[in-house]
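Remarks on the overall topology
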Amino acid sequence: MASMADRILASAREGRLSELYNILAEAPGILNHFEKAEERFKETPLHAAVQNGNVAFSMELLRLKPSLARHENEKGLLPIHIAVEQNKEHVFARFIEYDPNMVRFRGRQGLSCLLLASKLSSRGAVKSILAVSPESVEDRTARGETVFHLAVNDPEFFVFLFRTVVELLKQRDGGTAIMEQLFNRQNDNGETMIHLIVLYKTENEPDSDLESAAGNLTSISKEEDDRQRRRMLETVVELGGSYLNLKLCCTNDKNRGLNATGLATKFKLQDINEVLESCKPSSSSCLNLSRPRLQAMLSIDKEWKPLLQTFLAMTATMSFMVVSQLIFHPIESPISSGFVWLFSTLLLFGSFVGMTLLSYVPTPLTLCLAGIYLTAVFISVDSRLGWLAAVITWVGFIILSWELSPHI
C-alpha cells in the first residue's frame, strides 16, 4: 500500500490522470489510505496536485474523495491554502467554483484563506475570496488576529485591504456594526490594528540618542518607516475614524495598560499623536452619538428588517390617527386625553427615528417632518404653552439631526 501511495503522489505531481485510474484499478481503496490517523498531517495527492498547478488532476481527486479538501499537510495547510500560498490562481478559481464554502476552511492556527492571503499580501486572492465570501472579513486566527492585524507588516497592502473592506462593508446590511467590531478587535495581547500600526517597526528604534548597536537603522529607513506608519493610520482615520475606540489598552507585559496614544507617547511619535488627536470626538458634540454607532446598535438580520420596518410604519400611522382624533374630537375617559396624546406622539417620534436608522433615510428631513407635525399638535392642544413646547422640541430635533447625520 505504501508503494501505491508513493505512485499516486508521483502521478499527482506530474498531473497524469491516466496513471491515477490505473492505480485505482489496482488498489480501489488507495485514497482511503490518506485518511488514516498516522497520515493525518502528511501530504496527500490533492496537496501534491495543487502544489504543481495540475487543475484537472485536482478536480478529479475532489470528485472522487471530497474529504481530502479538509486534510492538513505537515505545515498545517489545506490544499486550497496551498493554492493561495503558491499563487495557483486557476486551481483556486476552480476550487471555489466547486464549493465556495472552501474559503472558510481553517488550517493550523485557525488560518482561513482570507487570513492567509492577508498574511502573504496577496491582492488577487483577497479580491477573489471577498467576491464569493464577504463574511470572511470576520475571520480570526487562534491568537485572535484579524486580517488587519496580519496585514500591518506590509503598509502598501494594508492600505489596499482596508479600503477594499470598507467599500465592501458599506454595501452590506449591518456593515456598520461589523466595521465597529472589526476595527476594534483585540488579539491575545490586547492589541488592536491601531496598536500594531503605532508599533510598526518601533522594535528597531534605539532606546536613547545612541545609535543602534547593530548599526542597521539609518535615518533614511527610519523616515520611510514613519511615513508608512502615518499613511496607514491616516487611511484608517479617514475611512473608519468614527468607528474606532482609542481607549482600548494592550494587555501584554511589554505595553500593559497603554492605549494607542500611550504607545505613541512612549516611542516619541509626535506626528502619530497628532493624527490620533484628530480622530477623537469633537467637544462640540453634545450627545457623543453618531449615526453609524446607532445603526450598529440596531443592526438587524436581513430577514427581520422588513418586518420591523413595517411594524414601525404601522405604529407611526396609528399614533398619528390617535393624536389627530384627540385634537379634533377630544374624549372624556378615566385616562386624561393629555396623557394619551403625549404617549402617542412619543410613539410617533420613536417610529420616525427607528425607520430612519433602519432604512437610511436622511435623518434631518425625517426629523423636520416630525417637528412640523408635533408643533401643530402642541399648539392645538394648548395655545399658551404650545409655542414654548414647540421651540424646545425644535432645539432638540436640531441637536439630534446634527448628531445622527452621516458626516459625524
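See the structure printed just above.
Just so you know, these numbers come straight off a predicted model, no measurement behind them.

The rules behind the values
- Residues numbered from 1 in each chain as written.
- Predicted model: local features only at pLDDT ≥ 70, side-chain atom pairs only at ≥ 80, totals over all residues.
- Heavy atoms only, no water.
- Salt bridge = Lys/Arg side-chain N within 4 Å of Asp/Glu carboxyl O.
- Helix = DSSP H or I, 4+ residues; strand = E, 2+ residues; numbered from the N terminus.
- Buried < 20%, exposed > 50% of the residue type's maximum accessible area, 1.4 Å probe, protein only.
- Phe/Tyr/Trp six-rings, centres within 6.5 Å; stacked < 30°, edge-to-face > 60°.
- Lys NZ or Arg CZ within 6 Å of the ring centre and 35° of its normal.
- 1 Å grid on protein atoms, 1.4 Å probe; cavity = no way out; pocket = protein on both sides within 12 Å on 5 of 7 lines; lining within 4 Å.
- Points joined across faces, edges and corners; volume = space filled by probe spheres on them.
- Nonpolar A, V, L, I, M, F, W, Y, C, P; charged D, E, K, R; others polar.
- Arc of directions from axis to C-beta.
- Core = buried A, V, L, I, M, F, W, Y, C linked by side-chain atoms within 4.5 Å.
- Domains from an automatic or database assignment.
- Contact = heavy atoms within 4.5 Å.

This paragraph deals with the pattern of salt bridges. Summed over the entire model, instances satisfying the criterion amount to 19 salt bridges. Residue glutamate 43 is joined to arginine 13 by a salt bridge in which the shortest nitrogen-to-oxygen separation is 2.9 Å. Highlighted residues: glutamate 43 in the loop between α2 (17–26) and α3 (45–51) and arginine 13 in helix α1 (residues 2–14), separated in sequence by 30 residues. Residue class for glutamate 43 comes out partly exposed when judged on its relative accessible area of 27%. Residue arginine 13 is classed as partly exposed on the basis of its relative accessible area, which comes to 38%. The partner of glutamate 238 in a salt bridge is arginine 163, with the nearest N and O atoms 3.8 Å apart. You can see glutamate 238 sitting in helix α13 (residues 219–240) and its partner arginine 163 sitting in helix α10 (residues 155–170), a full 75 residues away along the chain. One salt-bridge network, held together by shared partners, links Arg7, Glu14, Arg16, Glu19 and Glu26.

Moving on to the packing of aromatic side chains. Using the criterion set out here, one finds 7 aromatic pairs in the structure. Judged by centre distance (4.9 Å) and plane angle (35°), the ring pair of phenylalanine 162 and phenylalanine 183 falls under tilted. Here phenylalanine 162, found in helix α10, pairs with phenylalanine 183, found in helix α11 (residues 175–183); they are 21 residues apart in sequence, far enough to count as distant. Of the two residues, phenylalanine 162 and phenylalanine 183, both sit in the buried class. Ring-pair connections join several aromatic residues into one group, and the members of that group are Phe148, Phe158, Phe162, Phe183 and Tyr243. Arginine 40 extends its terminal NZ or CZ atom over the ring of phenylalanine 41, reaching a point 5.1 Å from the ring centre. Its end group placed over the ring of phenylalanine 105, arginine 70 keeps NZ or CZ at 3.7 Å from the ring centre.

Here the focus is empty space enclosed by the protein. Counting across every chain of the model gives 3 cavities of 30 Å³ or more. Phe183, Asn184, Thr192, Ile194, His195, Leu244, Asn245, Leu246, Leu248 and Ala260 together form the lining of the second largest cavity. Of the residues contributing to the lining of the second largest cavity, the split by class is 6 nonpolar, 4 polar and no charged.

This part covers helix α15 (residues 270–279). Of all the positions in α15, only Ile272, Asn273, Val275, Leu276 and Cys279 are classed as buried. One side of α15 holds all its buried residues, which, seen down the axis, span an arc of 160°. Looking at α15, the residues exposed on the side facing more than 90 degrees away from the buried face are Gln270 and Ser278.

Counting residues in each nonpolar core, the largest one holds 89 residues, and the members touching the most others are Phe148, Phe158, Phe183 and Ile194. The residue makeup of this core includes at least three contributed by each of domain 1 (1–99) and domain 2 (114–122 + 129–203 + 223–248). Filtering out sequence-adjacent residues up to four positions away, isoleucine 194 remains in contact with Leu233, Val236, Leu244, Leu246, Ala260 and Leu276.

By secondary structure assignment, the location of glycine 190 is in the loop between α11 and α12 (193–198). Accessibility expressed as a relative area gives 4% for glycine 190, which makes it buried. Counting along the chain gives 61 residues from glycine 190 to threonine 251, while the straight-line C-alpha distance between them is 4.8 Å. For glycine 190, the residues in contact, after removing those within four places along its chain, are His195, Cys249, Cys250 and Thr251.

Here the focus is unusual backbone geometry. Look at glutamine 109: it is not a glycine, yet its phi comes out positive at around 60°. Within the secondary structure layout, glutamine 109 lies in the loop between α6 (89–98) and α7 (113–119). One non-glycine residue with positive phi stands out, namely serine 121, at about 60°. Mapping serine 121 onto the fold places it in the loop between α7 and α8 (123–132).

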